[in-house]
Amino acid sequence: MTGFGEQESRGYDRRATKLLGGLYRHIADEVAASTGPGEAVLDVGTGPGLLLAHLAGRRPDLLLHGVDLSPHMIARARTNLAGHEVELSVGDVGALPYPDNSFDLVVSSLSMHEWPDPVAAAAELERVLRPRGTLALYDFRFVRDASMRTALGARFAEPTVRRKVVRPRGYPFGLYAQWTARAA
């Protein structure tokens, strides 16, 4: 995964705010509908925290966490999430800074294509999920995902690993895909 400097983080925050609102609303709606009261949610590659802001507004009962490789992105997220109860950490998907079985749902949006080691990422995602927890990865539809699907299939029960095209409201085309898996 690449780290964003301060200037890149500010630029990404501006672009994401302007261009990705529909995707973040779509993901937040899905997460809000699929989690129970007080469940713990981790956003991997949280960037400027825009997805977490949508979730905090919809479901203040959720225990929200965000992790990103870039300390500058985490600083942007702290600003964007001011007033919300969200725990933010600097960390890598290949070595997540959380104990085993910490989260009911792990979500990631538009960062999977940056992960350098799908095997390590899948192992860490499985490790931090609670039994029967859900993993939901969203990325661009055109992402080459064979190595990630193989890594997920090795860590999660194969029938639960699925890919589908996502068409957020207001987007004319299915620009994004979602990969889901359920922990054993």
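Residues numbered from 1 in each chain as written. Predicted model: local features only at pLDDT ≥ 70, side-chain atom pairs only at ≥ 80, totals over all residues. Heavy atoms only, no water.

- In the annotation of an unreviewed UniProt entry, the entry for the chain reads Methyltransferase family protein, and the organism field reads Nocardia bhagyanarayanae.

## A short note on the layout of surface pockets
Vacant regions in the atomic arrangement are exposed by a probe of water-molecule size rolled over the atoms.
Part 1 of the argument: The calculated volume of the largest pocket comes to roughly 350 Å³.
Part 2 of the argument: Looking at the largest pocket, it is lined by 22 residues, and the ones nearest its centre are S34, T134, T180, A181 and R182.
Part 3 of the argument: Elements with a contribution of two residues or more to the lining of the largest pocket: α2 (21–34), β4 (103–109), β5 (129–140), β6 (162–166) and β7 (176–182).
Part 4 of the argument: Looking at the lining of the largest pocket, its residues break down into 6 nonpolar, 7 polar and 9 charged. (1 Å grid on protein atoms, 1.4 Å probe; cavity = no way out; pocket = protein on both sides within 12 Å on 5 of 7 lines; lining within 4 Å. Points joined across faces, edges and corners; volume = space filled by probe spheres on them. Helix = DSSP H or I, 4+ residues; strand = E, 2+ residues; numbered from the N terminus. Nonpolar A, V, L, I, M, F, W, Y, C, P; charged D, E, K, R; others polar.)

## Description of the nonpolar core
Part 1 of the argument: Grouped together as the largest cluster of nonpolar side chains are 28 residues, with contacts concentrated most on L42, V106, W115, L125, L135, L137 and M148.
Part 2 of the argument: Those elements that place two or more of their residues in this core are β1 (40–44), β4, α5 (118–128), β5, α6 (146–155) and β7.
Part 3 of the argument: No other element matches the 4 residues that α5 contributes to this core.
Part 4 of the argument: With sequence-adjacent residues up to four places away left out, L42 is seen in contact with H65, G66, V67, L96, Y98, F103, L105, V106, V107 and V128. (Core = buried A, V, L, I, M, F, W, Y, C linked by side-chain atoms within 4.5 Å. Buried < 20%, exposed > 50% of the residue type's maximum accessible area, 1.4 Å probe, protein only. Contact = heavy atoms within 4.5 Å.)

## Details of unusual backbone geometry
Part 1 of the argument: Despite not being glycine, N101 has its phi angle at roughly 55°, a positive value.
Part 2 of the argument: Backbone geometry at L110 places phi at a positive 60°, although glycine is not the residue there.
Part 3 of the argument: Within the fold, L110 resides in the loop between β4 and α5.
Part 4 of the argument: Looking at L110, the relative accessible area reads 9%, which means it is buried.

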